[in-house]
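Residue-level structural notes
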Amino acid sequence: MKKLLCFVLVIVSLIGCLSFTACGKEKKQAKLCYIDLKNNQTGFTVTGDDTAIAIGVKKGSTLTNRINEYLDTFDSAAQNDLMSKMCALVRDDKSTYSPDYDLSDNDGGTLKIGMECGYEPYNWTQKTSANGALPIKNVSGKYANGYDVQVAALVAEALNMKIEIYMYEWDSLIPAVTSETIDLIIAGMSPTEDRKEVIDFTTPYYRSNLVIVTREDCSIADAKTLAEIDKAGIKIAAQPGTFHLKALQEQTSSLRVINTLEDFVVMKIALEKGTIDGYVAEEPTAMAFCM
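A brief look at the structure comes next. Note that the structure is predicted; figures quoted are calculated from it, not measured. (Residues numbered from 1 in each chain as written. Predicted model: local features only at pLDDT ≥ 70, side-chain atom pairs only at ≥ 80, totals over all residues. Heavy atoms only, no water.)

Where charged atoms from two side chains of opposite charge come close, those side chains can pair. For the structure shown, the criterion picks out nine salt bridges. With a shortest N-O distance of 3.8 Å, lysine 137 and glutamate 164 are connected by a salt bridge. You can see lysine 137 sitting in the loop between β6 (134–135) and β7 (143–145) and its partner glutamate 164 sitting in strand β8 (residues 162–167), a full 27 residues away along the chain. With a relative accessible area of 52%, lysine 137 lands in the exposed category. We note a salt bridge from lysine 268 to glutamate 272, for which the minimum N-O separation is 2.8 Å. With lysine 268 and glutamate 272 both in helix α9 (residues 264–273), this residue pair falls four residues apart, about one helical turn. Classification of lysine 268 as buried rests on a relative accessible area of 17%. Overall, the relative accessible area of 23% leaves glutamate 272 in the partly exposed class. (Salt bridge = Lys/Arg side-chain N within 4 Å of Asp/Glu carboxyl O. Helix = DSSP H or I, 4+ residues; strand = E, 2+ residues; numbered from the N terminus. Buried < 20%, exposed > 50% of the residue type's maximum accessible area, 1.4 Å probe, protein only.)

This next bit is on the nonpolar core. Counting 72 residues, the largest nonpolar core has Ile55, Leu111, Ile113, Tyr147, Leu184, Ile185 and Tyr279 as the members making the most contacts within it. No other element matches helix α4 (residues 147–158), which puts eight residues into this core. Residues contacting leucine 111, with those up to four places away along its chain left out, are Leu63, Val155, Ala156, Leu159, Met161, Lys162, Ile163, Glu164, Asp183 and Leu184. (Core = buried A, V, L, I, M, F, W, Y, C linked by side-chain atoms within 4.5 Å. Contact = heavy atoms within 4.5 Å.)

We now examine the packing of helix α3 (residues 76–91) against α4. Across the interface, α3 lies against α4 with an axial gap of 9 Å and an inter-helix angle of 135°. Compared by their axis directions, α3 and α4 come out oblique. Of the two possible hands of crossing, α3 and α4 adopt the one that is right-handed. Packed against α3, whose contacting residues are Gln79, Leu82, Met83 and Met86, the element α4 presents Tyr147, Gln150, Val151 and Leu154 at the interface. Counted by class, the contact of α3 with α4 contains six nonpolar, two polar and no charged residues. (Axes fitted to C-alpha atoms, helices over the stretch in contact; angles between N-to-C directions. Parallel < 35°, antiparallel > 145°, perpendicular 65-115°, else oblique. Left-handed = near helix turned anticlockwise from the far one by under 90°. Nonpolar A, V, L, I, M, F, W, Y, C, P; charged D, E, K, R; others polar.)

A few words on the sheet that holds β7. Taking strand neighbours across the sheet as the criterion, the three strands line up as β5-β7-β6 in an open arrangement whose pairing is antiparallel. Strand pairing shows two members of the sheet lacking a second neighbour, β5 (124–126) and β6, which therefore form its edges. Taken together, the two bridges between β6 and β7 define a ladder with antiparallel strand orientation. Looking at the pairing, proline 135 lines up with tyrosine 143 of β7. (Pairing = 2+ DSSP bridges.)

Let us now look at the sheet that holds strand β10 (residues 200–201). Strand order in this open sheet of five strands is β8-β4-β9-β3-β10, and the pairing throughout is mixed. In this open sheet, the two edge strands, each paired with only one partner strand, are β8 and β10. Relative to β8, strand β4 (residues 110–115) is paired through six bridges, and the arrangement is parallel. Its bridge partner lying in β8, methionine 115 is registered against methionine 167. Lying on the sheet, α4 is in contact with β4 and β8; it crosses β4 at an angle near 160°.

Now for the pairing of β4. Both β4 and strand β9 (residues 184–185) contribute to a ladder of two bridges, which runs parallel. Note on β9: the bridge partner recorded for glycine 114 is isoleucine 185.

Written as structure tokens, this is what we have:
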């Protein structure tokens, strides 16, 4: 009887362990997709450079014209090629990128450049210098990479300057450039009219559509227009202090606007957990996670 009892207890223990292991496993990560909206057609209404991105410079800086001379040669084909390579790095661990510039002999000074280092594929943080990543000057042992980082390096090369990358929170970028703590903002920033009152901008170095990132299993995943998303009970987030949030607030009336998630990393986590139904992003950001 003792042996039988021990045997039963062992079996029960094993079942309990297996059950605990199964319950303790992480849930399978939600698959993300994006609603392919088109500005001024099926999506958000935009004007001017609302969905362009440009380099922010202190008002009156002589750097603006010098940078524009280079950007005039950086045409849409080159922009799209570089963006596709950065998206590939985000999507696929096996993808590689080898920059064809060399800043080591540049002797025209140093460009101090600010960005969030957390807005893939425009800019992100990584642990090594792989694929052309550059050190983050104010964060020890971390490197920045992405479209903004590579454009920054190309600009530095054109100006015969060295480069330093600084990580800033979004709302701190403009104060940093106006106080001359940094020279440039290269951070996926749109040259909106409100921002132009405070700083200057170069010509755009990329243009995109605003889209909605969501989950494949979400009720809005099959939507084709912004109107189909704008329904009661739907929660859509946008980053505070951006044109994304302004457009979402002004151009929707039924959905619930979430304006308390401070950056794209936090919004992505909230979406994967099901706390929100989607968030507003530039199309390349969506492509990086959803293709």
